[in-house]
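One letter stands for each residue in the lines below.
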Amino acid sequence: MSAQLVDQLRAERHLTDAQYEILLTTQDAQTLSALRRAAVEVQKKQFGNKVYLRGLIELTNYCKNNCLYCGIRRGNANVQRYRLTEDDVLACCKAGTELGFQTFVLQGGEDGFFTDARLVPMIRRIKEIAPHCAVTLSLGERSHESYALLREAGADRYLLRHETADPDHYSLLHPAEMTLAHRIKCLQSLKALGYQTGCGMMVGSPHQTIAHLIADLRFIEQFQPEMVGIGPFMPHHDTPFRAYPAGSADLTLRLLSIVRLILPQVLLPSTTALGTLLPDGLEQGVLAGANVIMPNLTPCAVRSSYLLYDGKDTAAKDTVDLLEERSRRFAAIGYEIVHQRGDAPAFCV
Ligand code: SAH
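Residues numbered from 1 in each chain as written. Predicted model: local features only at pLDDT ≥ 70, side-chain atom pairs only at ≥ 80, totals over all residues. Heavy atoms only, no water.

## Considerations on helix 14 (residues 319-332)
And step 1. Across its 14 residues, helix 14 extends 20 Å between first and last C-alpha, which sits within 8% of the 20 Å expected from 1.5 Å per residue.
And step 2. Residues of helix 14 that are buried in the fold lie against strand 1 (50-53), helix 12 (281-287), strand 8 (292-293) and strand 9 (336-338).
And step 3. One or two positions beyond helix 14, positive phi appears at Gly334, with a value near 85°. (Helix = DSSP H or I, 4+ residues; strand = E, 2+ residues; numbered from the N terminus. Expected span 1.5 Å × (residues − 1). Contact = heavy atoms within 4.5 Å.)

Here is the structure:
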């Protein structure tokens, strides 16, 4: 019955609110397996059985923001704060290139220390030692001028999840000084500057409703991002949201499949948060339509200080072993982790 909705979504890349609601809430097993199957068909048609690798480098856990969900929020006095030096970052990239990584993601809190004057030479140096690699930034909201300078310095992509496309819900997750309107303005700047741009949301964040998720899908339809980050909300013990339950894995997987059908070419990570929620979450994400994984390359000594939520894997693992383990796990489900930049198709030269 509502399996037809899946065909319609695949053909039109768009549904009505009521139709999205059915896909997000139905318990009909046939519809759910049709959704999963269609998403994997589209994923395989676009990317074959390839899973792209991104090396995540957690640059700083200083943050001027106080997002209610996030473990490194300004108000958490129990965090031991750190910043990586340029040499630290270059060492991570060098080690990463030797293992075949061709994308490095510099993620961090909004840390005033990392001015353009500090980031521009850092990005340039990465590009010098690894000219074939893509640099992705995920450093939060900055000015248009700053995004322009970082782009000029060589940054290729930028991840800035919109977190929720509903302004009232946004204000329940963030302090008053942060607005959805400003976040979206940043996303528009990034896109206009030629970044491969990623938005995205948490699933099951406190006070979220199905209507909010439908608004997220509508935003994704309209914004047409190159990347979408979707992961379950996970509580952190030192935040105001400590007592809220984690988001649902099932709903996260449905959303991955739906987004794959809305944007067939999208770069869609199977997120760390999903891998935290379920022991085989990374595989399940890929089997729902995701095609990117982001192993952690952050120096082991500071990993445990970048705790966005409880349970996040901060163990000191050897990257060689980790990659071997991941390759085995993905091979077991018929996928291959590949050493390619994995640009959005429209950006491939
Ligand atoms: N400062 C950057 C990077 C934020 S961390 C920025 O503003 O974009 C990257 C992502 O982790 C966030 O966008 C958020 O969606 C996610 N995140 C933060 N806390 C989380 C939590 N408690 N559970 C699940 N995801 C979380």
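## Quick look at the layout of surface pockets
Space left empty within the atom packing is revealed by a probe, the size of a water molecule, rolled over the atoms.
And step 1. Computed from the structure, the second largest pocket encloses a volume of approximately 160 Å³.
And step 2. Here the residues of the lining of the second largest pocket are counted per class, giving three nonpolar, three polar and four charged. (1 Å grid on protein atoms, 1.4 Å probe; cavity = no way out; pocket = protein on both sides within 12 Å on 5 of 7 lines; lining within 4 Å. Points joined across faces, edges and corners; volume = space filled by probe spheres on them. Nonpolar A, V, L, I, M, F, W, Y, C, P; charged D, E, K, R; others polar.)

## Here's the deal with empty space enclosed by the protein
And step 1. Under the defined criterion, the tally for this structure stands at one cavity of 30 Å³ or more.
And step 2. Size it by volume and the largest cavity reaches roughly 90 Å³.
And step 3. Lining the largest cavity are Arg54, Val105, Thr136, Arg157, Leu159, Met227, Leu267, Pro269, Val292 and Met294.

## Structural notes on the packing of helix 1 (residues 3-12) against helix 2 (residues 17-25)
And step 1. Taken N-terminus to C-terminus, the directions of helix 1 and helix 2 make an angle of 120°; their axes are 10 Å apart at the nearest point. On the basis of the axis angle, helix 1 is oblique to helix 2. Of the two possible hands of crossing, helix 1 and helix 2 adopt the one that is left-handed. On helix 2, the residues touching Leu5, Val6, Gln8 and Leu9 of helix 1 are Gln19, Tyr20, Ile22 and Leu23.
And step 2. Partitioned by chemical class, the residues of the contact of helix 1 with helix 2 number six nonpolar, two polar and no charged. (Axes fitted to C-alpha atoms, helices over the stretch in contact; angles between N-to-C directions. Parallel < 35°, antiparallel > 145°, perpendicular 65-115°, else oblique. Left-handed = near helix turned anticlockwise from the far one by under 90°.)

Keep in mind that these numbers describe shape and distance, not what the molecule does.
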